[in-house]
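Coordinate analysis (summary)
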Amino acid sequence: MKKILVTGGAGFIGSNFINYILGYRDDLFIVNLDKLTYAGNLENLKEIENHKNYFFVKGDINNNELIDFLFKKYSFDYVINFAAESHVDRSILGSEVFYISNVVGTNVLLEASRRYGIEKFIQISTDEVYGSLGSTGLFTERTPLSPNSPYSSSKAAADLMALSSHHTFGLPVVITRCSNNYGPYQFPEKLIPLMIINALSNKNLPVYGDGLNVRDWVYVIDHNRAVELVLEKGKPGEVFNIGASREMKNIDIVKLILTKLAKPENLIQYVKDRPGHDRRYAIDSSKIQNELGWKPQFDFEKAIDQTIDWYLANREWWNRIITGDYQKYYKTLYGDR
Ligand code: NAD
Ligand code: TDX
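What counts and what doesn't
Every chain is numbered independently, its residues counted from 1 as its sequence is written. Written order determines the labels here, with chains lettered from A and ligands numbered from 1. Only residues with pLDDT of 70 or above have their local features reported here, since the model is predicted, and side-chain atom pairs are shown and tallied only from 80 upward, although totals for entire chains, interfaces and linings are computed over all residues. Excluding hydrogens and water, the side-chain figures rest on all heavy atoms present in the structure. Runs of H or I in DSSP of at least four residues are treated as helices and runs of E of at least two as strands, each being numbered from the N terminus. Two things to know: the radius of gyration comes from C-alpha atoms, and the globule rule equals 2.2 Å times the number of residues to the power 0.38. Whether two residues touch is decided by their heavy atoms; if any such pair falls within 4.5 Å, the residues are in contact. For this count, His and the chain ends are skipped, Lys and Arg are scored as positive, and Asp and Glu as negative. In this description, the location of a charge corresponds to atom NZ of lysine, CZ of arginine, CG of aspartate or CD of glutamate. Pairing between strands requires that DSSP locate at least two bridges from one strand to the other. Lines fitted to C-alpha atoms define the axes, with helix axes restricted to the stretch in contact, and inter-axis angles between N-to-C directions lie between 0 and 180 degrees. Relative accessibility thresholds used throughout: buried, under 20% of the residue-type maximum; exposed, over 50%; partly exposed, between the two (1.4 Å probe, protein chains only). If the strands point away from the viewer and the path from the first strand over the helix to the second runs clockwise, then the crossover is right-handed. Each angle is binned into one of four classes, with values under 35 degrees roughly parallel, values over 145 roughly antiparallel, values of 65 to 115 roughly perpendicular, and all other values oblique. For any helix crossing, the convention is left-handed if the near helix is rotated counterclockwise from the far helix by under a right angle, and right-handed if that rotation is clockwise. Basically, the charged four are Asp, Glu, Lys and Arg, the nonpolar ten are Ala, Val, Leu, Ile, Met, Phe, Trp, Tyr, Cys and Pro, and anything else, Gly included, counts as polar. Each residue is tested against the molecule or strand, and it is near if at least one of its non-hydrogen atoms lies within 4 Å. In the analysis that follows, any N or O atom pair within 3.5 Å is treated as a polar contact, provided that within protein one partner can donate a hydrogen and the other can accept it, and provided that, for residues neighboring in sequence, both atoms belong to side chains. We get accessible surface area from the Shrake-Rupley algorithm with a probe of 1.4 Å; when it comes to residues, only the shown protein chains can shield them. Within this scheme, the nonpolar core is defined by two criteria: the residues are buried Ala, Val, Leu, Ile, Met, Phe, Trp, Tyr or Cys, and they are joined through side-chain atoms within 4.5 Å. Expected span of a helix, by definition, is 1.5 Å for each gap between consecutive residues, and there is one gap fewer than residues. Working note: the arc is built from the helix axis to C-beta atom directions.

Regarding the overall build of the chain
Secondary structure summary: the chain contains 12 helices and 12 strands in total. Taken over C-alpha atoms, the radius of gyration comes to 19 Å for the chain, in line with the 20 Å a tight globule of 337 residues would show. With the C-alpha coordinates of the chain rotated into their principal frame, the extents come out at 55 × 45 × 35 Å. Once local pairs closer than 6 in sequence are excluded, the contacts in the chain between residues at least 24 apart make up 83%. Between the centroid of the 39 positive side chains of the chain and the centroid of its 40 negative side chains there is a distance of 1 Å.

Following this line, the structure appears as structure tokens:
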């Protein structure tokens, strides 16, 4: 039985990872360490909360004593670091917690992994570390880092700390850089769930700038299958891009959601652009496809339908979120719309 420390496992991608992997493997024991920030939600893990190979710890990756205690107690084989402040708009409103959780917190985990020794450390990074593309071209693993937002800068800094731990100390680190994810349990501050729940609530759909920014979408389970493969076969010191080659203009996604929900296009409201808004992301994932045999399995049209259906079927999940603090955040960003 291999033991994995999964951090940030109560968030969107981490909870999907744990549900996916414990859903079909019984050779792994998972300790999920999560601070339960606004984005962490134990409801995402209801299906597996009593699984014999699962244990939840509420705590901060910056808590050195707790991290030391957990490494001593469990002798982890692997660390998968999903924990992060993950939203660009929030990083523009205030960057400090991004630096503390994403950079300092990652370093705490790297140092503990070094002290105790592990087989592999996966740093879950993002395509945003490469900056922004023009209308052509793709990010490869050799594209220079050129992050533009406080969020992506903190992720790039964490990547460099992780790679330097490999280079200097031989820590077996692998970095994954994935494009935009969508799927169940995504917090409704991100484009797709925000637009779905606003449309369902007959609220305006705030589209930044001209709506022509492009993102490259991948279904969260495809991302997590790639993480699993990297855990098994990814060579330490390497970086793997993950993406499903599904570029979409934001406005086209928004219109697609409205069509599927039979809502009128006059709900769309063009609003002030995000400061420093990256124009286009697009991923070349040939390395992980050729070297590890990964391939996206989910077709965008079907998976976006499934995602919309999930939000329709889980109104209680998002209704609980959009009351309370979420209102304050929403008002700060979008005003009284
Ligand atoms: P999320 O915001 O939904 O979840 C983040 C989780 O981390 C939450 O459960 C939160 O409570 C936890 N967390 C935050 N700070 C913590 C700390 N200091 N200690 C312990 N736990 C902490 O984010 P997500 O969308 O699931 O993203 C997960 C990872 O994937 C992040 O590292 C993000 O940068 C990366 N990523 C996300 C996307 C995407 O499209 N969402 C794409 C590529 C990469
Ligand atoms: O209300 C909105 N209106 C709008 O036009 C929101 C929330 C977003 N947008 C635009 C901005 C982006 O061009 O939609 C696009 C997607 O925005 P987000 O969902 O905020 O994602 P993005 O900024 O692309 O970053 C995401 O992908 C990479 C994740 O949040 C990151 O964690 C990940 O690293």
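Digging into the sheet that holds strand 4 (residues 78–81)
Remark on secondary structure: sheet strands pair via backbone hydrogen bonds, oriented parallel or antiparallel. Strand order across the open sheet formed by 7 strands is 3-2-1-4-5-6-10, with parallel pairing between neighbours. Two strands in the sheet have a free side with no partner beyond their single neighbour: strand 3 (54–58) and strand 10 (239–242). Across the sheet, the mean angle separating the axes of adjacent strands is 20 degrees when strand polarity is ignored. Two strands pair when backbone bridges link them, and strand 1 (residues 2–7) and strand 2 (residues 28–34) are joined in this way by 6 bridges, in the parallel orientation. The residue of strand 2 that forms the bridge with Val6 is Asn32. Against the sheet, helix 4 (residues 96–116) engages strand 1, strand 4, strand 5 (120–126) and strand 6 (173–178), with an angle of about 165 degrees to strand 5. The strands that helix 5 (residues 150–169) touches are strand 5, strand 6 and strand 10; relative to strand 5, the one it contacts most, it runs at about 155 degrees.

Digging into the pairing of strand 2
Buried residues dominate strand 2, accounting for 7 of its 7 residues. Residues Leu28, Ile30, Asn32 and Asp34 of strand 2 are buried on one face, and the alternating residues Phe29, Val31 and Leu33, pointing to the opposite face, are buried as well. Crossover strand 1 to strand 2 through helix 1 (residues 12–24) is right-handed. By the bridge criterion, 5 bridges tie strand 2 to strand 3 in an arrangement that is parallel. Looking at strand 3, one finds that Leu33 is bridged to Val57.

Describing the packing of helix 1 against helix 7 (residues 220–233)
Closest axis-to-axis distance for the helix 1/helix 7 pair is 9 Å, and the angle between their directions is 65 degrees. Looking at the two axes, helix 1 sits roughly perpendicular to helix 7. You can see that helix 1 and helix 7 cross each other, and the crossing is right-handed. Across the interface between the two elements, Phe12, Ile13, Asn16, Phe17, Tyr20, Ile21 and Tyr24 from helix 1 touch Val220, Ile221, His223, Asn224, Arg225, Val227 and Glu228 from helix 7. Partitioning the contact of helix 1 with helix 7 into residue classes produces 9 nonpolar, 3 polar and 2 charged.

As for the site of ligand 1
Surveying the vicinity of ligand 1 reveals 28 residues, the closest of which are Ile13, Asp34, Ser86, Tyr151 and Lys155. Contact distances for ligand 1 include 2.6 Å between an oxygen atom and a side-chain N or O atom of Asp34. Taking Phe82, its main chain carries an N or O atom lying 3.1 Å from an oxygen atom of ligand 1. For ligand 1, whose accessible area on its own is 840 Å², the fraction buried by protein is 97%.

Some points on the site of ligand 2
Taken together, 23 residues lie around ligand 2, and Thr126, Glu128, Tyr151, Arg274 and His277 are the ones closest in. Notes on ligand 2: free accessible area 660 Å², of which the protein chains cover 94%. Secondary structure elements with two or more residues in the shell around ligand 2: helix 3 (88–93), helix 6 (191–200) and strand 8 (205–208). For the shell around ligand 2, the class distribution of residues is 10 nonpolar, 7 polar and 6 charged.

Remarks on the environment of Thr176
Among the secondary structure elements, Thr176 is positioned in strand 6. The class of Thr176 is buried, set by a relative accessible area of 0%. C-alpha of Thr176 to C-alpha of Ser125: the two residues are 51 residues apart in sequence and 5.4 Å apart in space. Those residues in contact with Thr176, other than ones at most four positions away along the chain, are Ile122, Gln123, Ile124, Ser125, Thr126, Val230, Phe240 and Ile242.

Concerning the nonpolar core
In terms of nonpolar packing, the biggest core is built from 73 residues, with Ile18 and Ile80 touching the most fellow members. One finds Leu66, Phe71, Tyr74 and Val239 within the second-largest nonpolar core, a separate group that totals 32 residues.

Here's the deal with helix 10 (residues 300–313)
Given a rise of 1.5 Å per residue, 14 residues ought to cover 20 Å, and the 20 Å separating the end C-alpha atoms of helix 10 matches this to within 8%. Restricting attention to buried positions, one finds in helix 10 the residues Phe300, Ala303, Ile304, Thr307, Ile308, Trp310 and Tyr311. Along the long axis of helix 10, the arc covered by the buried residues comes to 155 degrees, so they all point the same way. Opposite the buried face of helix 10, at more than 90 degrees from it, the exposed residues are Lys302 and Ala313. Buried positions along helix 10 lie against strand 7 (180–182), helix 6, strand 9 (214–219), strand 11 (247–249), helix 8 (250–260) and helix 11 (315–322).

Read these as geometric descriptors, not functional statements.
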